[in-house]
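Topology and contacts: notes
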Amino acid sequence: MAVLQKIRNRSGILLGVIGFALLAFVVQDFFSNNYTSFSNDVGSINGKDIIYEDFRVKVANLEKNGQQGQGMTSVQAANQVWEQEISIALLTEEFEKLGIRAGENHIIENFKNDPNIGQNPAFQNAAGKFDIKKFKEFFKSNPEQAKLLGDREKDAILNSKYQIYSSLIKGGMYTTDAEGKFKYELETNKVSFDFVSVPFASIKDSDIKVTDEDYLNYMKKHPKRFKSDGTREIEYVIIEDKPSAADEKEVKDKVNKLLVGDVVYNNETGKNDTIPSFSSATNVAEYVSQHSDIPFDSIYKTKQELPVESAEQLFNLPVGQIYGPYMNGNYYCISKAMGRKSGAKAKASHILISWEGIDRVQKKEKRTKEQAQAKAQSLLAQAQANPGSFMMLALTNSDDSSAQQGGDLGYFGPNQMVKPFNDFVFGNPIGKIGLVESEFGYHIINVTDKQDAVLLATVGQLIEPSEATTNSIYATATKFEMDANGKDFAAVAKAAKLTVNPAIKAKPMDEAFGSVGNQRQIVKWAYNDDTNVGDVKRFEIVKVGHVIAKLTKINEEGLMTVEEAKPMIEFIVKNEKKAEKIIAKMKGASLEAIASANKVAVQQATDLTIENAMIPNVGMEPKVVGIAFGTPANKVSAPVEGNAGVYVVKTKSVVKAPKLAKHDAYVNKLKPMAQQAAGRVIPALKDKAKIEDKRAEFY
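To keep things clear, this report deals only with the structure shown in the data block. It should be emphasised that the depicted structure is a prediction, and the values quoted were computed from it without experimental measurement.

Right, let's talk about the overall build of the chain for a bit. Of the regular secondary structure elements, the chain holds 24 helices and 22 strands. The C-alpha atoms of the chain give a radius of gyration of 37 Å, which is well past the 27 Å a tight globule of 699 residues would have. With the C-alpha coordinates of the chain rotated into their principal frame, the extents come out at 110 × 85 × 70 Å. Across the 699 residues in the chain, those meeting the buried criterion constitute 38%. When contacts within the chain are restricted to residue pairs at least 6 apart in sequence, those whose partners lie at least 24 apart make up 67%. Element-wise, carbon and sulfur atoms account for 51% of the exposed surface of the chain, whose accessible area totals about 40100 Å². One way to put it: in the chain the 90 positive side-chain charges average out to a point 5 Å from where the 88 negative ones average out.

Before going further, it helps to examine the nonpolar core. If you look at the biggest cluster of nonpolar residues, it comprises 26 residues, and the most contacted ones within it are Phe55, Val59 and Tyr165. Those elements that provide at least two residues to this core are β1 (41–45), α3 (52–68), α4 (74–98), α8 (143–172) and α24 (681–688). Here this core gets 10 residues from one element, more than from any other, and that element is α4. If near-sequence neighbours (up to four positions away) are discounted, Tyr165 is found in contact with Leu91, Glu94, Phe95, Leu98, Ile100, Val681 and Leu685. In this structure, Ile358, Leu379, Ala383 and Phe390 belong to the second largest nonpolar core, which totals 17 residues.

Glancing now at the pairing of strand β6 (residues 262–266). Here β6 runs beside strand β7 (residues 271–275); their pairing, made up of five bridges, is antiparallel. Within β7, the residue paired with Asn266 across the bridge is Lys271. The antiparallel pairing of β6 with β7 creates a hairpin that spans four residues between the two strands, and Gly270 there sits at a positive phi of about 75°.

Turning to the layout of surface pockets, a few remarks are in order. Volume-wise, the second largest pocket comes out at about 910 Å³. The wall of the second largest pocket is formed by 24 residues, among which Lys58, Glu85, Ile88, Asp155 and Leu158 lie closest to the centre. Broken down by secondary-structure element, the contributors of at least two residues to the lining of the second largest pocket are β2 (48–51), α3, α4 and α8.

Looking at the secondary structure, you find Gln519 in the loop between β13 (500–506) and α19 (520–526). In this structure Gln519 comes out as buried when scored by relative accessible area, which is 10%. For the pair Gln519 and Glu96, spaced 423 residues apart in sequence, the C-alpha separation works out to 42 Å. A polar atom in the side chain of Gln519 sits 3.1 Å from the side chain of Gln521.

Given 3.6 residues per helical turn, the α-helix brings residues three or four places apart onto the same face. For helix α10 (residues 212–221), every residue scored as buried is listed here: Asp214, Tyr215, Tyr218 and Met219. Down the axis of α10, the buried side of the element spans an arc of 135°, and every buried residue falls inside it. Facing away from the buried surface of α10 by more than 90 degrees, the exposed residues are Glu213, Lys220 and Lys221.

On the basis of which strands lie adjacent, the open sheet formed by four strands has the order β13-β5-β15-β14 and antiparallel pairing. The two strands at the open ends of the sheet, each matched to only one other strand, are β13 and β14 (536–541). Recorded for the sheet is a direction-independent mean angle of 30° between the axes of neighbouring strands. Sheet analysis places strand β5 (residues 231–240) next to β13, joined by five bridges and oriented antiparallel.

Counting through the fold element by element, Ala526 comes out in helix α19. A relative accessible area of 1% means that Ala526 is categorised as buried. Note: C-alpha distance between Ala526 and Lys550 (24 residues apart in sequence) is 8.6 Å. Residue contacts for Ala526: discarding those within four places in its chain leaves Arg232, Ile234, Thr531 and Leu551.

What follows deals with the sheet that holds β2. Sheet architecture is open: three strands sit in the order β2-β1-β22, paired in antiparallel fashion. Unpaired on one side and paired on the other, β2 and β22 (691–693) mark the two borders of the sheet. Neighbour-to-neighbour, the strand axes of the sheet open up by a mean angle of 20°, direction not taken into account. Here β1 pairs with β2 via four bridges, running antiparallel. Residue Gly43 lies in a different strand from β2, and its bridge partner there is Ile50.

A few words now on the packing of helix α14 (residues 369–385) against helix α15 (residues 390–397). The angle between the axes and the distance between the axes are what describe a pair of packed helices. Axis separation between α14 and α15 bottoms out at 10 Å; the angle between their running directions is 155°. One way to sum up the angle between α14 and α15 is to call them roughly antiparallel. For the pair α14 and α15, the sense of crossing is right-handed. Each of Lys375, Leu379, Gln382 and Ala383 in α14 lies in contact with α15, whose residues at this interface are Phe390, Leu393 and Asn397.

On to a negative patch on the surface, then. Taken together, the side chains of Asp49, Asp529, Asp530, Glu692 and Glu697 make up a negatively charged region of the molecular surface. Within the secondary structure layout, Asp49 lies in strand β2.

Right, let's get into helix α22 (residues 622–630). Those residues of α22 lying buried are Val624, Val625 and Ala628. For α22, the buried positions fall inside an angular range of 100° around the axis, keeping them on one side. Of the surrounding secondary structure, the elements contacted by the buried residues of α22 are β3 (190–199), β17 (603–608), β18 (614–615), β20 (640–641) and β21 (645–655).

This part takes up the packing of aromatic side chains. Here the structure, examined in full by the defined rule, presents 21 aromatic pairs. Ring plane angle 75° and centroid distance 5.4 Å describe the contact between Phe123 and Phe138, whose orientation is recorded as edge-to-face. Of this pair, Phe123 sits in the loop between α6 (115–118) and α7 (132–141) while Phe138 is found in helix α7, placing the two residues 15 residues apart along the sequence. The class of Phe138 is partly exposed, set by a relative accessible area of 29%. Ring geometry for Phe480 and Phe489: centres 5.6 Å apart, planes at 70°, overall edge-to-face. Both residues of the pair, Phe480 and Phe489, belong to the buried class. Here the aromatic cluster, defined as three or more aromatic residues joined through ring pairs, consists of Tyr52, Phe55, Trp82, Phe698 and Tyr699. The ring of Phe315 is capped by Arg340, whose NZ or CZ atom sits 4.4 Å from the centre of that ring.

Moving on to the pattern of salt bridges. Per the stated rule, a full pass over the model turns up 32 salt bridges. Among the ionic pairs, Arg367 bridges to Glu365, the shortest N-O distance being 3.6 Å. The buried category is assigned to Arg367, whose relative accessible area is 3%. Taking the relative accessible area as the measure of exposure, Glu365 reaches 40% and is therefore partly exposed. Here Lys375 and Glu365 are joined by a salt bridge, their closest N and O atoms 3.6 Å apart. Separated by 10 residues along the polypeptide, Lys375 in helix α14 and Glu365 in the loop between β9 (331–353) and α14 bring together distant segments of the chain. Salt bridges here are not isolated pairs; linked through shared partners, they connect Lys183, Glu187, Glu611 and Lys669.

Calculation rules
Each chain carries its own residue numbering, running from 1 in the written order of its sequence. Predicted model: local features are reported for residues with pLDDT of at least 70 only, side-chain atom pairs are reported and counted for 80 or more only, and whole-chain, interface and lining totals are derived from all residues. Note that water and hydrogens are dropped before the side-chain values are worked out from all heavy atoms of the structure. In this text, helices come from DSSP runs of H or I with a minimum length of four residues, and strands from runs of E with a minimum of two, each type numbered from the N-terminal end. Radius of gyration: C-alpha atoms only; globule rule: 2.2 Å multiplied by the number of residues to the exponent 0.38. Note on exposure labels: buried denotes an accessible area under 20% of the residue type's maximum, exposed denotes more than 50%, and partly exposed covers the range between, all computed with a 1.4 Å probe on protein chains only. Working rule for contacts: check all heavy atoms of both residues, and any pair within 4.5 Å makes them a contact. We get accessible surface area from the Shrake-Rupley algorithm with a probe of 1.4 Å; when it comes to residues, only the shown protein chains can shield them. The sign given to each residue is positive for Lys and Arg and negative for Asp and Glu; His and the chain ends receive no count. Charge placement uses NZ in Lys and CZ in Arg. For Asp and Glu, CG and CD serve respectively. Side-chain atoms within 4.5 Å are what join buried Ala, Val, Leu, Ile, Met, Phe, Trp, Tyr and Cys residues into a set we call a nonpolar core. Two strands form a pair only when DSSP identifies at least two bridges running between them. Only protein atoms enter the 1 Å grid, on which a cavity is a set of points fitting a 1.4 Å probe that cannot get out and a pocket is an open set with protein on both sides within 12 Å along at least 5 of 7 lines, lining residues being those with an atom within 4 Å of a point. Grid points are joined across faces, edges and corners, and a volume is the space filled by probe spheres set on the points. Definition of a polar contact: a pair of N or O atoms within 3.5 Å, with one able to donate and the other able to accept a hydrogen when the atoms are protein atoms, and with sequence-neighbouring residues admitted only if both atoms are side-chain atoms. An arc is given here, and it is the one of the directions from the helix axis to the C-beta atoms. Between N-to-C directions, angles span 0 to 180 degrees; the directions come from axes that are lines fitted to C-alpha atoms, helices contributing only their stretch in contact. Here roughly perpendicular refers to angles of 65 to 115 degrees, roughly parallel to angles under 35, roughly antiparallel to angles over 145, and oblique to all remaining angles. Crossings are classed by handedness, with left-handed meaning an anticlockwise turn of the near helix from the far one by less than a right angle and right-handed meaning a clockwise turn. Patch members must show over 30% relative accessible area and no salt bridge, and they are joined within 9 Å when carrying like charges or within 5 Å when they are nonpolar side chains of Val, Leu, Ile, Met, Phe, Trp or Tyr. Every case where a carboxyl oxygen of Asp or Glu lies within 4 Å of a side-chain nitrogen of Lys or Arg is listed as a salt bridge. Any two of the Phe, Tyr and Trp rings considered here, Trp counted by its six-membered ring, make a pair once their centres fall within 6.5 Å; the pair's planes then place it as stacked at under 30 degrees, edge-to-face at over 60, or tilted in between. As a reminder, the over-ring test applies to NZ of lysine and CZ of arginine, requiring each to be within 6 Å of the ring centre and within 35 degrees of the ring normal.

Okay, structure coming up:
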């Protein structure tokens, strides 16, 4: 109904026939959108449904927590919760199969490892240790708090079971002496051989023919590597909602008139009002508030804080003078210099030496205040004697996080630092090094720079589309949407002098959409049951304009398309084709005959191992070295396809490693690799699980 409402609001901008056609679209949308039935679950994991309402609450909580930090969209939150739900469901199944249970001791240990509980003074004894009696008594006497503990207890039970499960897996991932022996032999058994190598590069890509069927056959041999959840391919055109030349001229004319003053008619009084020039305004702040889209700013700015393209002129503008007009982003501006301050901002480095009792500082070592003072004075003397050493002294001694930057705090204004620090920096010249005490500890301070700043009053008016321009753009976008329906999208775009953007391959839960950022609505439309290949729809996007999208292709779940997989496997498939050509020519009773037929030389490789399979002048070829180990002495092998070409080898000698009674050193090399296997449990469970994902119906 939003489209119809928009037409009503913009009466007169479209012909009646367009309005009638759009009404048909609206009626169709109404029936298709309002009579679609949705399931009550967002998916299932091995037959267990994930109820939408429970899922929604978790997503909302995560989204809320995320917004307090770096920010998180609902789709991002839904993706994260979904992965958590899969992991929990699959692990819980494993816990049940194995009969894993978490007793009270496991749960308490889990609580103790939670800093909010284990380090809470309310639950600690006189020695600062976690006291289970205090913990239980607290919740016994606080029933409301006990309710909140319920959810934490569920998490603790799950975490405890996982720790038991993980320990069982790690305990089962041992390394035997036989494996150690094998590792020893891989590193120590040596082979020497002669070989003929014909590199893949000897055949031009243009001399072979690779078809889509070749790529598809390779993908079918390795289906897990090329699994796809399915995609929708969407082409689109952007019609920006941007100001016209007339809009720009109107704003520029208004600002230009403020330079000399103007007379305008007042509709309320019925009389002409005289607007003074910006230079003659008696109350500059009030003048700016009346005529500018940029509010008056009374803060002094350094040169680095001014608009880059006009910074030089603005910073050196004499007080009382006006600069402009000039562009600052989308604003057309004029500025008046109101004042100048010397040393308005300062740059300093410091070394912080704190002491026990100041909890807000992460100290590098324990020390009393007296010890801190003595160390600070010693560092002060060193810094004053050799100012060039200040950075290294800060790096190795400072308790502040700025130590990693050599104590550098960057630029700051008055009263941004604690008072003793502020007073020293702004009360001393560049190069002064001194010592002050604050609530954080002792500061050895080095004043490294100061900057002047200027106060500017700026009248800036935003150049934006007028209502007439916006209406015209809306009409253009709507007409294009209807013209493109059922027709050649590219041809209609070309006729309208618009650019068709390359197709986006959107997955069911994607929200990013090309150059227009997160546009979940477009992806969701492409996955609607009633959206078919060839359908076209217009989307109005704030601060962008209109995106007219066309669904061009539906790639069903299964293997990737050839286009998607080709960048990953093109060189492999081409080399397979080249190998066929090379192998056909590698005929002969001896290496010399094979080398002559292929116009290459016989080469030698000496004392190579499987672990060190670097063939001189060729590269790493473990498969070729393995063939050499398995080929009887003085016998020519069959052609073998390696990483860089096709090889034929003749083994000269194999030197077996001396026997060892034990292989402990090699067992120890393998143990870390075995322990890492525990981290592959969840991916392995997911690979075997039957997972149905319906999130796209809800998000």
